[in-house]
Amino acid sequence: MSINPENIASYDTDYNFRFRYETLRSLLNKNGIALQILSDLEADLNHMHHYDKRIKRPIQRLITESLLMAQELNLMTGEKYSDLYGVISRIRNQTDKLFSEQPPDAGRPFVLRLDNQDDPDPLQIGGKAFNVWHLGKHFNNLAPPGFVVTTAAYNRIIEDNNLHDRIRILLNNLDVTEDEAQFKSRTETIRRLIRESTVHEGIEECIKEQVELFNQAFPGELWAVRSSAVCEDGSHSFAGQFDSELQIKHENIVTAYLHVLAGRFTDRAVKYRIHNNFREVDTPMAVLFMPMVDSVAAGVVHSTDIKDPDSNTMVISAVPGLANRMVKGEEPADTVMISKGLSPELTWVPPANGDAGNTRIADYISNEKIFEIAKITGQAVAKFGHELDIEWAVDKNNNVRFLQARQLNIPRIENPEITEASKRKENLPVIEAGITIFPGRAEGPVTFLSPGADMSEVPEGAIVVVEHPRPELSSILPKIAALLVVEGDPVGHLATLIREFSVPCIFRLGKNENILHGKNIISVNATKRTVYAGMRWPGIRERVLARISAGNRHQEKSGPLYDLVLALNLLDPDAASFKAKSCRSVHDTLRFMHEMSVRSMFDFGDKQNRGWNRKSKKLITGLPIKLQLIDLDGSVLENSNNVPPENVESTPFKALWRGIMDERLFWPERWEKTMRGMPADFQEAVLGGNRGPRRASDKNYAIIAKDYMNLNARFAYHYAMVDAMVGPGTEHNYVHLRFRGGGAGDENRKRRARFLEQVLRPSGFGVDRSGDLVTAWFRHYPQNDSENALEFLGRLIICARQLDVALRSDRSVKLYADYFLREQFKRFV
């Protein structure tokens, strides 16, 4: 009996395919589990230090899953990627070393006095208290006496009241939520939980003991209880983001302490941390306690004039009594300029309305005292080594007190070139008034924002006009082009944040603001304190939007475990550096192994083209996609090589296809029409379509079984992988998505990734986004829910591919996410 060699070859091909398929399926399932662990760890590491015991077990499991994936990838490829074993072993050894470290809070005190002669750790007492201690170290009796309840006490209260997990859950996904009411509800819940917390007996005793000691020296004193978070008043000011409690009686001191701790989770503070990419664990709250200064005058001094740093001038703002309303932008201040040097001169700056107001500065503070404040400020600058923003007060005994000090951010002054057109009479400014808070030019639509208005509705790139510089306006600074303020002083909390976010801004427009009503587009030159009607400077609008976009690309988080586990360094699979040896984190190894396993399957299919052609069947569809079905278990009810979708009995495939074929969707091939007649290679180079595992001429494969599907497909210039197991029960059901690419520039592809994230998260998917790559998962749901998820993905894949040129700004990301979630699919034409 003769044996046909072709039958042997066919049998070998079938066996190799089945082996590779089963290995790939196992690897992809482990990849889904690993991504779920990664997602949970990202939330955990936002709230836990690397020495926290709760973080050890999931990281060890993640490393084990990655090692098993490496074994399966090497089974598929004949040990082609054996370098992965050494990489994963190195990461395991480094994480084990971190786990052995002891927590620094062990043995640390709950309370430290400001007159302590030993250098305190700013990680214990926070930035504000550390700067006050620094003032007291160099200047006797300049800073008021006081004490600090340390971050060790904060951590103990969170632990004793079991708030770690509740806070983590409430903060989860707040960075992507667009629901302002939900945001406010969650942060208020956190504040309530902290206000209602039980204070450890040792902490309460320490606080009361210190208060009693001060009461013996200063009977009947009221207290100021102020925030001093780690990182506050440093390179990031956190100005006005937290709450303080003033005029507190000694019997209410512990309640005030809890209120200040709760102020760590004000809406504005949470948004500030999100924008600046702070981990929650990096900014614990210490609290500064100081007896109230019974002040006759108070204010803020800037050691140099930020509008003109070369002028050798200080700026002092003052009000009678306390300055707390002034720094919040609720009370106008008197302002004086003082020249530096041996013979300083003083100049009073009139308010915006041109009159003297209710009082003159000479009525409550003498020139001699102003010169004394300026002199001490100059000495403090020499001790700190940089320019300072200082809150001061003068008490009833005529003593100067410095209550707070932070580094003064000096903006770079833009000197715009004055063109001939700008000199023409018809182009004169409509407003020429105010004071510069941050220099620069901007153009955009004008938006008037009244108190209590929904700030989430402020459009991106708008020029916003407000009456007073309220601290809550900080949440819109990252997305606006410029800010114009009718009143306000250059020394308040908002002014500090404006400089930090580099937003062109003018304060004290006064009644000139009325001129802007009825204007649609305006141009602002904050350097020159001028406002023009209409568009004025070519290219400025684009530069403004680029600045906003760049500001919204947060710096990457970091930390010992973050760098070893979560950081993704391998972003471009087509780069020469995309190698096993280049993996520096567990996330890198997962990214690498997923990419190489899919490529391996493609390469095998392409090399065995003749055998696969006999086994695979072409899906007959009117859609512009070439799809070959690989049937594993007789799910295709058709003997011919051409199969209509209705003859495919695969549960996950049918669910996905229902979404793709939804009659409400559109398939206009915009790029094909635009580039018709151009060579295919040219089209791919121009549109970015060569950045993926399949080219336009390649076939796409769907491996299917009755309860399984693995689809790797190219939709024009977008690449999607959907891997799903769906059947009765919940334990084994999962849906995984990987989406990348697009016929647009890098920035638009990243916006599409954010669009996908904003759609997938509220729909129950876990999401990991890096650059233009989105990975999502939906695991352990009942069959009906899993099918609905696949149908949802079918619609999403088709709609997402229509956004190549639609996502022109960050605002459009939210707009199109809302369109999709409301099933307004006609918007995706």
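Preceding block: the structure.
First things first, this report covers the structure right here in the doc. (Residues numbered from 1 in each chain as written. Predicted model: local features only at pLDDT ≥ 70, side-chain atom pairs only at ≥ 80, totals over all residues. Heavy atoms only, no water.)

Structural notes on the overall build of the protein chain
Next, step 1: Each helix and strand in the protein chain was counted, giving 24 helices and 28 strands.
Next, step 2: A buried classification covers 55% of the 829 residues belonging to the protein chain.
Next, step 3: For the protein chain, long-range pairs separated by at least 24 residues make up 67% of all intrachain contacts whose partners lie at least 6 apart in sequence.
Next, step 4: With the model as given, the accessible surface of the protein chain reaches about 36200 Å², and the carbon-plus-sulfur share is 48%. (Helix = DSSP H or I, 4+ residues; strand = E, 2+ residues; numbered from the N terminus. Buried < 20%, exposed > 50% of the residue type's maximum accessible area, 1.4 Å probe, protein only. Contact = heavy atoms within 4.5 Å. Areas by Shrake-Rupley, 256 points an atom, 1.4 Å probe, with all protein chains shown as cover.)

Quick word on the sheet that holds strand 4 (residues 245–248)
Next, step 1: Ordered in space as 1-2-5-3-4, the 5 strands form an open sheet in which the pairing is antiparallel. At either margin of the open sheet sits one strand with a lone partner, and together these are strand 1 (111–113) and strand 4. Ignoring strand direction, the axes of neighbouring strands in this sheet form an average angle of 25°.
Next, step 2: Examined bridge by bridge, strand 3 (residues 223–229) and strand 4 share 2 bridges and lie antiparallel to one another. (Pairing = 2+ DSSP bridges. Axes fitted to C-alpha atoms, helices over the stretch in contact; angles between N-to-C directions.)

Overview of the pattern of salt bridges
Next, step 1: The full count for this structure, using the stated rule, is 32 salt bridges.
Next, step 2: Two residues, Lys-137 and Asp-119, come together in a salt bridge whose shortest N-O distance is 3.9 Å. On the criterion of sequence distance, the pair formed by Lys-137 in helix 4 (residues 122–138) and Asp-119 in the loop between strand 1 and helix 4 is long-range, its members being 18 residues apart.
Next, step 3: On the basis of relative accessibility, which here comes to 48%, the residue Lys-137 falls in the partly exposed class. (Salt bridge = Lys/Arg side-chain N within 4 Å of Asp/Glu carboxyl O.)

Considerations on the packing of helix 7 (residues 180–195) against helix 9 (residues 253–262)
Next, step 1: Two elements in contact, helix 7 and helix 9, have axes whose closest approach is 8 Å; the angle formed by their N-to-C orientations is 155°. Taken as axis vectors, helix 7 and helix 9 run roughly antiparallel relative to one another. Here helix 7 and helix 9 pass one another in a crossing that is right-handed. Contacts between helix 7 and helix 9 involve Arg-191, Ile-194 and Arg-195 from the former and Leu-258, His-259, Leu-261 and Ala-262 from the latter.
Next, step 2: Along the lines of polarity and charge, the residues of the contact of helix 7 with helix 9 split into 4 nonpolar, 1 polar and 2 charged. (Parallel < 35°, antiparallel > 145°, perpendicular 65-115°, else oblique. Left-handed = near helix turned anticlockwise from the far one by under 90°. Nonpolar A, V, L, I, M, F, W, Y, C, P; charged D, E, K, R; others polar.)

Considerations on the environment of Arg-108
Next, step 1: Within the secondary structure, Arg-108 is located in the loop between helix 3 (83–99) and strand 1.
Next, step 2: Judged by its relative accessible area of 25%, Arg-108 falls in the partly exposed class.
Next, step 3: Filtering out sequence-adjacent residues up to four positions away, Arg-108 remains in contact with Asp-121, Gln-124 and Ala-152.
Next, step 4: There is a polar contact of 3.2 Å between the side chain of Arg-108 and the side chain of Asp-121. (Polar contact = N/O pair within 3.5 Å; in protein donor to acceptor, adjacent residues only side chain to side chain.)

Re the sheet that holds strand 12 (residues 431–432)
Next, step 1: Taken in spatial order, the 8 strands make up an open sheet running 12-19-18-14-15-16-17-13, and their pairing is mixed. Where the open sheet ends on each side, the last strands, each with one partner, are strand 12 and strand 13 (435–438).
Next, step 2: Bridge analysis of strand 12 against strand 19 (residues 530–533) gives 2 bridges, and the strand direction is antiparallel. Paired with Glu-432 across the strands is Thr-530, a residue of strand 19.
Next, step 3: Contacts between helix 14 (residues 493–501) and the sheet are confined to strand 13, strand 16 (482–485) and strand 17 (505–507), with strand 13 contributing the most and set at about 60° to the helix.

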